[in-house]
Amino acid sequence: MPEYGHPLRFGSFITPVNRPVDHAVGLAQLSEDLSLDLVTFQDHPYQARLHDTWTLLSWVAAKTTRIQVSGNVLNLPLRNPAVLARSVASLDLLSGGRVALGLGAGWAWDAIEAMGGRRLSIAEGVTALAEALDVIRGIWDTSDRTPLRVAGTFYAVDGASRGPAPAHQVPIWVGAYKPRMQRLTGRQADGWVVGLPALQAGDLTRGNGVIDQAALAAGRDPGDITRLLNVTAGESAADLARFAVEDGVSVFILISDDPAELRHFAERTVPEVRNRVGEARGRHGRAVAPHRIGTPAAQREPGLGDDPVPASLAAGAVLPGEAGYARYTSSYFRGGAPALVLRPASPAEVQDAVRFAARHREVPLGLLSGGHGLSGRSLNHGGIVIDLGALGDVEHLGGSRVRIGPGANWGQVAQALAPLGLAITSGDYGGVGVGGLATAGGIGWLVREHGLTIDHLRSVDIVTADGALVHASAEENADLFWAMRGAGANFGVAVSFELEARPVGQVAFVQLVFAVDDMAAFLQRWGAAVEAADRSVSATLMCGPTPPGQQATVQALIVVDSDDPDLAVARLQPLAEVAPVIRQSAQLTTYDSLLALPAGGEEQHGRGEPRSHSGLIRHLIPPVTEALAALVSADAQFVVAIRSAGGATSDVPAAATAYAARDANFLLVVIGGGSAQFTHRWEQVVPALNGLYLSFETDTGPDALARAFPPAHLERLRDLKRRWDPSGLFRDNFFIDPDVTPTAVAAPSVAEDARP
Ligand SMILES: Cc1cc2nc3c(=O)[nH]c(=O)nc-3n(C[C@H](O)[C@H](O)[C@H](O)COP(=O)(O)OP(=O)(O)OC[C@H]3O[C@@H](n4cnc5c(N)ncnc54)[C@H](O)[C@@H]3O)c2cc1C
């Protein structure tokens, strides 16, 4: 039962006949008057009785104000893709972001040839369409300053200038009835459009399967692809609701030129479909809210359905198609298309935002701080995003105390604290946000010496699901403070963190490349050396596949918190002796330099679906060393990072925070594709693990939850979830369902130390 998380939308599919001359325009205006979301036209540029569809779309866009317009679908063989890209961008700009691009490979080849087009086989048509998508997206991509070159067989452009960029991210919907075209849709398109009259039983299920697989293989989220279905007036609301619930269709387009049928569809069928789908999806359902595409600025009234956003947030809210919306279509890894973005500028406005989101529990809610989430989905499709970017102050409270907003990133924090001679251990990358990391753990360059980031938290201010602003510390709301340190994303929006920084001067940063003959034995020696090292040493080992015939190598990144080069070398030496070193570099630097981002900051262009697993483990000993060696063997494409944990992390009792695996000396992070091989090899590692660090895990289901938290922790978290968030409003990141009783899934190992 696929559910791709898109809001339900409804439209019309109109024959663009040119007699009477304004017949199609009138039906388009009627569609808008009936509050349909989109109006679409078939495209047969070889038929004399039809308007040219592109010209008609432009005319209709000018004669309407709100409705989205699209070809259904445009005939690619008769439309040059580079020119089409410019036409679409121009109309999107002129119409305030109301254009979608429906595209098809063409089929009436005699007529196409008669018009001067080129006849293509089915396979050629698929290739041509793939090339056309590269050309179209390339023309729209004005962030790239180089001339566009696409060396296709059917569409080649050689040095074309780019632009204009459309007003919004124009979705490209591909008409695809056969697996080859469906695979292309999964790889490259934003939507799959088919007509129900042309389908056989089971075609939707099969097509979804092909598209989803192709999307995953391409590193995309199947949810990135909207499913659109052209239907006739013969289908009942119950039929359509079934297609929504069982096949993930979110856009229904009525094929009709009859005003009475359009009226019946809009006034009777649409509300009934919404009700039925809402009921079927229930309280765990995803997006069903109307999507206000391209509302002109003059009529702009941000909200969901009939519910306007609170006055405090209205001016800053961003809707699809508006300036600034593009920021919310990509995070570091993933893409998104939220229905509404709220940008609070104070804790009180976050309270307003949460109360508003609580009234729309049926749509997804994302909390966006730094946008680097792997387990957490700070963007979504068709839901609400609360962007905490404006709450990014770093304030020195005196002594070593600092107050930090969730919207800061750790590079900014390090930079602000450096002049004070202070630092807070966080992560290894400055772009990561405070909000996501300081609610989960924080395993960084100083972890063995300073412990986790959450170990430096003294209090957190949280907006909880009921919209209250709650202070949590060891003295006040101590239970909530316990939960926020390791499972914070489940309990509210952290709006301010008070932390204890530590004095940090210069540090040594060392990179070693080892030649490795026996990976399993190397990992075991490395593990022992790290565990025996002084706590000022924290290290990450990066292991990747070795190309056939080449010497296997492993890279180590090591930080020693010492400004004395001799002392740093002495502390490093045991690590450097683990295997022959074939390259090395070392420098004395500052902690804030380690986290510094390139000038101009970081742009986020993620559109895919990351796959990564993480585990916490006490020791690198067999059999896990063998399983890890197999993971990075020659035929694999995975990267394994082995980060040190342990040290000061283990000084805190396991029961003291929601983060539990205090005795783990290592964090494993495996990044790769979602293939069966990946899953199988990771499954060999899992039994040896002693816990799971949420932040690097993309599998967030109940099994992973049970690996992350020992049974007593999980029970306490569930109790607290019932108390602080009984409706499960916060659920985008390792959702702890208050209603589920834990089952006997593999809990973190509590066996005695297995070290021989
Ligand atoms: C390149 C890279 C390097 C990384 N390095 C490290 C590292 O060295 N050490 C480490 O420990 N982790 C590291 N991480 C993982 C990182 O800690 C998590 O991905 C973290 O969730 C990112 O936080 P964010 O605010 O940037 O992300 P966002 O995408 O903004 O948020 C992620 C999730 O965090 C939750 N969240 C965000 N803000 C809040 C808030 N204010 N209140 C409550 N919940 C909130 C939400 O569930 C949200 O979906 C790294 C990730 C990346 C991509």
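Residues numbered from 1 in each chain as written. Predicted model: local features only at pLDDT ≥ 70, side-chain atom pairs only at ≥ 80, totals over all residues. Heavy atoms only, no water.

Trainee: What is the right way to read the overall build of the protein from this model?
Mentor: Counting its secondary structure elements, the protein contains 22 helices and 30 strands. On C-alpha atoms alone, the protein measures out to a radius of gyration of 28 Å, which is about the 27 Å that the 2.2 N^0.38 rule sets for 756 residues. In the protein, which comprises 756 residues, the proportion classed as buried is 59%. For the protein, the share of sequence-separated contacts (at least 6 apart) that also reach a separation of at least 24 residues comes to 74%. For the protein, the accessible area works out to roughly 29200 Å², and carbon and sulfur atoms hold 53% of it. Between the averaged position of the 62 positive side-chain charges in the protein and that of its 80 negative side-chain charges there is a distance of 4 Å. (Helix = DSSP H or I, 4+ residues; strand = E, 2+ residues; numbered from the N terminus. Rg over C-alpha atoms; globule rule 2.2 N^0.38 Å. Buried < 20%, exposed > 50% of the residue type's maximum accessible area, 1.4 Å probe, protein only. Contact = heavy atoms within 4.5 Å. Areas by Shrake-Rupley, 256 points an atom, 1.4 Å probe, with all protein chains shown as cover. Lys, Arg positive; Asp, Glu negative; His and termini not counted. Charge placed at Lys NZ, Arg CZ, Asp CG, Glu CD.)

Trainee: Just checking my understanding: could you explain the pairing of strand 22 (residues 493-500) for this structure?
Mentor: In the case of a regular strand, side chains alternate between the two sheet surfaces. Of all 8 residues in strand 22, 8 are buried, a share of seventy percent or more. As paired strands, strand 18 (residues 401-404) and strand 22 are joined by 4 bridges and run antiparallel to one another. Bridging from a neighbouring strand, arginine 401 pairs with glutamate 500 of strand 22. The sheet contact formed by strand 20 (residues 457-463) and strand 22 spans 6 bridges and is antiparallel. Counted as the bridge partner of leucine 457 is leucine 499 from strand 22. (Pairing = 2+ DSSP bridges.)

Trainee: Hey, could you run me through helix 11 (residues 347-358) in this one?
Mentor: Count 3.6 residues to each turn of an α-helix, and residues three or four apart come out pointing the same way. Between the first and last C-alpha of helix 11 there are 16 Å, a value that for 12 residues agrees with the 16 Å anticipated at 1.5 Å per step. Looking at helix 11, one finds that the buried residues are Glu349, Val350, Gln351, Ala353, Val354, Phe356 and Ala357. (Expected span 1.5 Å × (residues − 1).)

Trainee: Would you mind going over the sheet that holds strand 27 (residues 581-590) with me for this structure?
Mentor: Within a sheet, each strand pairs with its neighbour through backbone hydrogen bonds, oriented either parallel or antiparallel. Strands sit in the order 27-24-26-25-29-30-28 across an open sheet of 7 strands; the sheet is antiparallel. Edge positions in the sheet fall to strand 27 and strand 28 (612-617), since each of these pairs with one other strand and no more. Strand-to-strand twist of the sheet, defined as the mean angle between neighbouring strand axes without regard to direction, takes the value 15°. Relative to strand 29 (residues 639-644), strand 25 (residues 537-543) runs antiparallel, the two being bridged by 4 bridges. Across the sheet, the residue bridging to leucine 541 is isoleucine 642, located in strand 29. Contacting strand 24 (506-515), strand 25, strand 26 (553-560), strand 29 and strand 30 (666-671), helix 16 (residues 519-532) crosses the sheet at an angle of about 165° to strand 25. Packing against the sheet, helix 19 (residues 624-631) makes contact with strand 28, strand 29 and strand 30, and its axis sits at approximately 140° to strand 29. (Axes fitted to C-alpha atoms, helices over the stretch in contact; angles between N-to-C directions.)

Trainee: Would you mind going over the sheet that holds strand 14 (residues 340-342) with me for this structure?
Mentor: Read from one edge to the other, the open sheet built from 3 strands follows the order 14-16-15, with strand pairing classed as parallel. Only two strands of the sheet have a single partner each, and these edge strands are strand 14 and strand 15 (365-368). For this sheet, the mean angle separating the axes of adjacent strands, direction not counted, is 20°. As paired elements, strand 15 and strand 16 (residues 384-387) share 4 bridges and run parallel to each other.

Trainee: Looking at this model, I keep getting lost on the site of the ligand. Mind explaining?
Mentor: In the vicinity of the ligand there are 36 residues, among which Ser369, Ser378, Arg643, Tyr693 and Asp732 approach most closely. Protein contact buries 97% of the 960 Å² of open area that the ligand shows by itself. Breaking the shell around the ligand down by element, the ones donating at least two residues are strand 15, helix 13 (434-437) and strand 22. Considering each element in turn, the shell around the ligand owes the most residues, 3 residues, to helix 13. Per-class residue counts for the shell around the ligand are 16 nonpolar, 16 polar and 4 charged. (Near = heavy atom within 4 Å. Nonpolar A, V, L, I, M, F, W, Y, C, P; charged D, E, K, R; others polar.)

Trainee: I keep staring at the pairing of strand 5 (residues 99-104) and nothing clicks. Help me out?
Mentor: With respect to burial, strand 5 is a largely interior element, 6 of its 6 residues being buried. For strand 3 (residues 68-71) and strand 5, the ladder comprises 2 bridges, and the chain directions are parallel. Opposite serine 70, over in strand 5, you have alanine 100 as the bridge partner. Relative to strand 5, strand 4 (residues 74-75) runs parallel, the two being bridged by 2 bridges. Residue pairing in the sheet places leucine 74 in a bridge with leucine 103 of strand 5.

Trainee: So what exactly am I meant to see when it comes to the domain arrangement of the protein here?
Mentor: Quite often, the size of an interface is put as the accessible area lost when its parts meet. Parsing the protein into structural domains produces domain 1 (9-284), domain 2 (306-504) and domain 3 (506-590 + 617-690). Here domain 1 and domain 3 have C-alpha centroids that lie 49 Å from each other. (Domains from an automatic or database assignment.)

Trainee: What exactly am I supposed to notice about the environment of alanine 215 here?
Mentor: Relative to the assigned elements, alanine 215 resides in helix 7 (residues 203-217). When near neighbours in sequence (up to four residues on either side) are disregarded, alanine 215 contacts Gly186, Arg220, Pro222 and Ile225.

Trainee: Is there a simple way to think about the environment of proline 344 in this case?
Mentor: Inspection of the secondary structure assignment puts proline 344 in the loop between strand 14 and helix 11. Classification of proline 344 as buried rests on a relative accessible area of 0%. Once the C-alpha coordinates of proline 344 and alanine 317 are considered, the two residues, 27 residues apart in sequence, prove to be 8.6 Å apart. With sequence-adjacent residues up to four places away left out, proline 344 is seen in contact with Leu313, Glu349, Val350, Ile386, Asp387, Ala390 and Leu391.

Trainee: Would you mind going over the packing of helix 1 (residues 23-33) against helix 2 (residues 53-63) with me for this structure?
Mentor: Two measures define how a pair of helices packs: the angle their axes make with one another and the distance between the axes. Packing of helix 1 against helix 2 brings their axes to within 10 Å, and their N-to-C directions diverge by 45°. Taken together, helix 1 and helix 2 sit at an angle that is classed as oblique. Helix 2 is crossed by helix 1, and the crossing has right-handed handedness. Note on element contacts: helix 2 touches helix 1 through Leu56, Trp59, Val60 and Lys63, opposite Ala24, Val25, Ala28 and Gln29. Class assignment of the residues belonging to the contact of helix 1 with helix 2 gives a composition of 6 nonpolar, 1 polar and 1 charged. (Parallel < 35°, antiparallel > 145°, perpendicular 65-115°, else oblique. Left-handed = near helix turned anticlockwise from the far one by under 90°.)

Trainee: Explain the packing of aromatic side chains to me, please; I cannot follow it from the model alone.
Mentor: For any pair of aromatic rings, geometry is given as the distance between the ring centres together with the angle between the planes. The full count for this structure, using the stated rule, is 10 aromatic pairs. With a centroid separation of 6.5 Å and an interplanar angle of 20°, the aromatic rings of phenylalanine 522 and tryptophan 526 are classed as stacked. With a gap of 4 residues between them, phenylalanine 522 and tryptophan 526 both fall in helix 16, about one helical turn apart. For phenylalanine 522, a relative accessible area of 1% gives the class buried. Taking the relative accessible area as the measure of exposure, tryptophan 526 reaches 1% and is therefore buried. Through a chain of ring-to-ring contacts, the aromatic side chains of Phe10, Phe252 and Phe265 assemble into a single cluster. Geometry around tryptophan 482 places arginine 716 over its ring, the cationic atom sitting 3.9 Å from the centre. (Phe/Tyr/Trp six-rings, centres within 6.5 Å; stacked < 30°, edge-to-face > 60°. Lys NZ or Arg CZ within 6 Å of the ring centre and 35° of its normal.)

Trainee: Explanation requested: the packing of helix 16 against helix 19 in the structure shown.
Mentor: Close contact between helix 16 and helix 19 brings their axes to 8 Å; oriented N to C, the two are set at 125°. Here helix 16 lies oblique to helix 19, going by the angle between them. Here helix 16 runs over helix 19; the crossing is right-handed. Judged by residue contacts, Met519, Ala520, Leu523 and Gln524 of helix 16 engage Thr625, Glu626, Leu628 and Ala629 from helix 19. Its residues placed into classes, the contact of helix 16 with helix 19 shows 5 nonpolar, 2 polar and 1 charged.

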